[in-house]
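# Breakdown of the fold
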2 protein chains.
Amino acid sequence: MTKTATDSDIQALSASLERLVAMVRRLTPPSAGLSLTAASTLRSLELSGPCRLSELASAQGITQPAMTQLVTRLEREGYVHRGGSPDDARVVLVNITASGRALLHHRRQARTEALHGLVDLLPAADREAVFAAVPALNLLAELGQTDDRSRNR
Amino acid sequence: MTKTATDSDIQALSASLERLVAMVRRLTPPSAGLSLTAASTLRSLELSGPCRLSELASAQGITQPAMTQLVTRLEREGYVHRGGSPDDARVVLVNITASGRALLHHRRQARTEALHGLVDLLPAADREAVFAAVPALNLLAELGQTDDRSRNR
DNA sequence: TATTGTTATACTCTATAACTATA
DNA sequence: TATAGTTATAGAGTATAACAATA
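Attention in this report is confined to the structure presented alongside it. (Residues numbered from 1 in each chain as written. Chains lettered and ligands numbered in written order. Predicted model: local features only at pLDDT ≥ 70, side-chain atom pairs only at ≥ 80, totals over all residues. Heavy atoms only, no water.)

As a further point, take the relation of the copies chain A and chain B. Rotating chain A by 180° and translating it 0.0 Å along the rotation axis places it on chain B, where the RMSD comes to 0.1 Å. Look at the turn and shift together and you get a two-fold axis relating the two. Interface overlap between copies: 99% of the residues of chain A at the interface are likewise at the interface in chain B, consistent with a symmetric, same-surface contact. (Least-squares fit on C-alpha atoms with pLDDT ≥ 70 in both. Contact = heavy atoms within 4.5 Å.)

In structure tokens:
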């Protein structure tokens, strides 16, 4: 029946996303050691392997200087490592360390536990609706990631 | 069939939420004028009406001094107003201004437009799964909000 | 000359500790 | 003495502009 998305559908989704962001922020606040951008950058490195600094910056939607500083902090804490490229001496290849992987693992466990507590409070029907939507939500998030808004920096 | 949530369900949801947060951050970056906390605080004021500074702080999961400063910035920009309580002279009641409401409205429009672009790229089945999950996601977010973790500050 | 990354500088956002004013 | 909020100070996180090194 829902052939195309109506504005009111989109607005409801948008409002829901706003609330979910607030929830996630409370589940793993920056006080837990990593800012949202720092955590997201680590995750990205975990998936991609060694990655250029400029690619990391555009993937996170922040500027190159901001990523330089973030990587400097992450390197100081031992979560990433800066290496050079054999092909191009200008390039810096950033990679996640074992310690960085361990940190991600720990954060995921903590959040999973907290989420478990919340999800268990949901009525069964709602719980199933949420899980049923996970693949679609992943697709949506992926589209948002590869969308080239703010690539032009 | 899904009687209780399995760990792998929860982990998939958790990972999905991480990606959605990254997407939302790119849709309305802090460069658009308001940080996530600032926007969330305004939204909260829009819903609740005049609110004590300490309540705002605990609702957002930040400290009282951080909220003092955020409210100072928002007041300087004209988005909120500080008033006293007639009952208790220690209390500050913060309220949103017409300008603050207008800002929220504008941001919502911008995000809704951007989301529309993404949602239209989803296959119809995924689109419907997302919309079908919205009420459940709202409920989940609400549980996360009223959950009293990090109330003890 | 263009690209990759860093440095310099400034502002937001957050925390903890110490303080003021009121209850 | 306890509570509501502010001030002081420090550090993370971000931006823009100017720079160095390499292609």
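Right, let's talk about the sheet that holds strand β1 (residues 51-52) of chain B for a bit. Within a sheet, neighbouring strands are paired by backbone hydrogen bonds and run either parallel or antiparallel to one another. Residue and element names in this part refer to chain B. Strand order in the open sheet made by the three strands is β1-β3-β2, with antiparallel pairing throughout. The open sheet has two edge strands with one neighbour each: β1 and β2 (80-84). Both β1 and strand β3 (residues 92-96) contribute to a ladder of two bridges, which runs antiparallel. In the strand pairing of β3, Arg-52 is matched with Leu-93. (Pairing = 2+ DSSP bridges. Helix = DSSP H or I, 4+ residues; strand = E, 2+ residues; numbered from the N terminus.)

What follows concerns the protein's contact with DNA strand D. Among the 24 residues in the neighbourhood of DNA strand D, the closest are listed as Thr-37 and Arg-73 of chain A together with Ser-54, Gln-64 and Thr-68 of chain B. Considering DNA strand D, the proportion of its atoms within 4 Å of the protein that are sugar or phosphate atoms stands at 70%. Measuring from a phosphate oxygen of DNA strand D, one finds a side-chain N or O atom of Ser-35 of chain A at 3.1 Å. In this structure, a base oxygen belonging to DNA strand D sits 3.2 Å away from a side-chain N or O atom of Gln-69 of chain A. Mapped onto the surface near DNA strand D, the elements with two or more residues apiece are α4 (64-76) of chain A together with α3 (53-60) and α4 (64-76) of chain B. Counting residues per element, the surface near DNA strand D draws most heavily on α4 of chain A, which supplies five residues. The residue makeup of the surface near DNA strand D, split by class, is eight nonpolar, seven polar and nine charged. (Near = heavy atom within 4 Å. Polar contact = N/O pair within 3.5 Å; in protein donor to acceptor, adjacent residues only side chain to side chain. Nonpolar A, V, L, I, M, F, W, Y, C, P; charged D, E, K, R; others polar.)

With that out of the way, let us pick up the side chain of Glu-18 of chain A. Topologically, Glu-18 of chain A is positioned in helix α1 (residues 7-27). Taking relative accessible area as the criterion, Glu-18 of chain A reaches 11% and is therefore assigned buried. For Glu-18 of chain A, the residues in contact, after removing those within four places along its chain, are Arg-43, Arg-108 and Arg-111 of chain B. (Buried < 20%, exposed > 50% of the residue type's maximum accessible area, 1.4 Å probe, protein only.)

Residues and elements named next belong to chain A. For Leu-34, the location among the structural elements is in the loop between α1 and α2 (36-48). Since its relative accessible area comes to 5%, Leu-34 is described here as buried. Counting along the chain gives 67 residues from Leu-34 to Arg-101, while the straight-line C-alpha distance between them is 13 Å.

The subject of this paragraph is the pattern of salt bridges. If you walk through the whole model with that rule in mind, you get 12 salt bridges over all chains. The partner of Arg-108 of chain A in a salt bridge is Glu-46 of chain A, with the nearest N and O atoms 3.0 Å apart. In this pair, Arg-108 of chain A is assigned in helix α5 (residues 98-119) and Glu-46 of chain A in helix α2, connecting sequence segments 62 residues apart. Exposure remark for Glu-46 of chain A: the relative accessible area of 26% places this residue in the partly exposed category. For the salt bridge of Arg-82 of chain B with Glu-75 of chain B, the shortest nitrogen-to-oxygen distance reads 2.9 Å. With a relative accessible area of 25%, Arg-82 of chain B lands in the partly exposed category. Assessed through its relative accessible area of 30%, Glu-75 of chain B is described here as partly exposed. (Salt bridge = Lys/Arg side-chain N within 4 Å of Asp/Glu carboxyl O.)

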